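For reference, the chains in residue letters:
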Amino acid sequence: MRKIISVLIIMAAIVTLSCKRSGSQSGKKKITIAVIPKGTSHEFWKSIHAGSIKAARELSAQGSEVEIIWKGPLREDDREQQIQVVEGFTSQGVDGMVLAPLDDRALARPVEEAKNAGVPTVIIDSALQSPAIVSFVATDNRKGGMLAADHLGELLNGKGKVILLRYAEGSASTQDREDGFLQEIKQKYPNIQLISTDQYAGATRDTAKRASENLLNRFGDEVQGIFCPNESTTAGMLSALQDSGKAGKVIFVGFDTSQMFIDALRSKQLHGIVVQNPFNMGYLGVRTMFDSLQGKPVEKRIDTGVTMITLDDLDGAETQTLLHPPLDQYLK
């Protein structure tokens, strides 16, 4: 009788353990990752959003339920709002954050506080001056600026007067592009004269257009080449050139992409755009955060790619994939 009872107890224990294991496997904890862009209005951020959703869907299909929460400031100069978003997600206790910091210093403290609270952060797009991050997933922005300088220098045959319209102070990504551009121009094209390099466009197309108009009013009769380091500065300058009748008459190289820029390339009002891969950036940002949460080793720096696109290669298959990521498939 005792042997029968002992056997029954052992069998019950095995069944209980099996049920617990089955329950733990079928009831895996949902992983919540907050993705925080610099802004939410530009096409660039929509591509990052779509890429992050693709990563979450793939991971969920592989058996790990992953939820993306997308939230950021409306304007790309609202540091306080972005800080509040980071602090809010920290207090909510999300599993991790993927952040494109508006300011390389102002966002350091909230990211470090998040780490201390058990919420790690992967940085995308623009660097953060802090060691308290999991990884930095971004374009090689200095290389992007150098590509712009080489293309502009070649189109100008190594001589002429050039304007650099900067984006905004504290933005590490555009600072790197501007630095790369200036370094390459000075080293490889000594006969190119930089007639303005200290003007900032601000965070929107409207502020960029006003800054561009001021520059064209001042230098419009002598400028022969222009570089702008992001989507909003490129759009603002393009509008100002069109309104002043100078579009197509000045060699103009921009950064990032939109349908407006594609149309301008075709009409030869824009002579090249340096294109990132924001879809890939969002995708790899989330995948990197997930891998880190699973205890897997991740690279401290992940390069998501950068390419110069001109009218000559505008219709190529690779170019079309970069210019037209599958946003509708993920953003509904």
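Right above here is the structure, for reference.
Residues numbered from 1 in each chain as written. Predicted model: local features only at pLDDT ≥ 70, side-chain atom pairs only at ≥ 80, totals over all residues. Heavy atoms only, no water.

Draft legend 1. Main features of the packing of helix 5 (residues 141–155) against helix 6 (residues 172–188). At a closest axis distance of 6 Å, the pairing of helix 5 and helix 6 adopts a crossing angle of 40 degrees. Here helix 6 runs oblique to helix 5, going by the angle between their axes. Helix 5 and helix 6 meet at a crossing whose hand is right-handed. Between helix 5 and helix 6, the contacting residues are Asn141, Arg142, Gly145, Met146, Ala148, Ala149, Asp150 and Leu152 on the first element and Ser173, Asp176, Arg177, Asp179, Gly180, Phe181, Gln183, Glu184, Ile185 and Lys188 on the second. Among the residues forming the contact of helix 5 with helix 6, the class breakdown is 6 nonpolar, 5 polar and 7 charged. (Axes fitted to C-alpha atoms, helices over the stretch in contact; angles between N-to-C directions. Helix = DSSP H or I, 4+ residues; strand = E, 2+ residues; numbered from the N terminus. Parallel < 35°, antiparallel > 145°, perpendicular 65-115°, else oblique. Left-handed = near helix turned anticlockwise from the far one by under 90°. Contact = heavy atoms within 4.5 Å. Nonpolar A, V, L, I, M, F, W, Y, C, P; charged D, E, K, R; others polar.)

Draft legend 2. Just the pattern of salt bridges, in detail. The final tally for this structure, using the stated rule, is 17 salt bridges. Two residues, lysine 29 and aspartate 95, come together in a salt bridge whose shortest N-O distance is 2.6 Å. Residue lysine 29 is located in the loop between helix 1 (2–26) and strand 1 (31–36), and its partner aspartate 95 is located in the loop between helix 3 (79–92) and strand 3 (96–99); the two are separated by 66 residues in the primary sequence. Residues glutamate 113 and arginine 109 are paired through a salt bridge, measuring 3.1 Å at the closest nitrogen-oxygen approach. Of this pair, glutamate 113 and arginine 109 both sit in helix 4 (residues 108–116), 4 residues apart, which is roughly one turn of the helix. Since its relative accessible area comes to 40%, glutamate 113 is described here as partly exposed. Judged by relative accessible area, which is 39%, arginine 109 ranks as partly exposed. Each of Glu87, Arg109 and Glu113 takes part in a single network of salt bridges with overlapping partners. (Salt bridge = Lys/Arg side-chain N within 4 Å of Asp/Glu carboxyl O. Buried < 20%, exposed > 50% of the residue type's maximum accessible area, 1.4 Å probe, protein only.)

Draft legend 3. Looking closely at the sheet that holds strand 4 (residues 121–124). One open sheet holds the 6 strands; their spatial order is 2-1-3-4-5-11, and the pairing between them is parallel. Single-partner strands in this sheet number two, and they are strand 2 (66–70) and strand 11 (301–303). Neighbouring strand axes in the sheet, compared pairwise and without regard to direction, differ in orientation by 20 degrees on average. In the sheet, strand 4 pairs with strand 5 (residues 135–138) via 3 bridges, with the strands oriented parallel. Each residue of the ladder has a partner; that of isoleucine 123, found in strand 5, is phenylalanine 136. (Pairing = 2+ DSSP bridges.)

Draft legend 4. Expanded view of the packing of aromatic side chains. Under the counting rule described, the total for this entry stands at 3 aromatic pairs. Relative to phenylalanine 227, the ring of phenylalanine 181 lies with its centre 4.6 Å away and its plane at 25 degrees, an arrangement referred to as stacked. Here phenylalanine 227 lies in strand 8 (residues 225–227) and phenylalanine 181 lies in helix 6, a separation of 46 residues in the sequence. As far as the burial class goes, phenylalanine 181 and phenylalanine 227 line up, both buried. Ring geometry for phenylalanine 279 versus tyrosine 330: centroids 5.8 Å apart, planes at 50 degrees, classification tilted. Taken as a pair, phenylalanine 279 in helix 10 (residues 278–293) and tyrosine 330 in helix 12 (residues 327–330) lie far apart in primary sequence, 51 residues in all. Of the two residues, phenylalanine 279 and tyrosine 330, both sit in the buried class. Lying across the ring of tyrosine 283, lysine 54 places its NZ or CZ 5.2 Å from the centre. (Phe/Tyr/Trp six-rings, centres within 6.5 Å; stacked < 30°, edge-to-face > 60°. Lys NZ or Arg CZ within 6 Å of the ring centre and 35° of its normal.)

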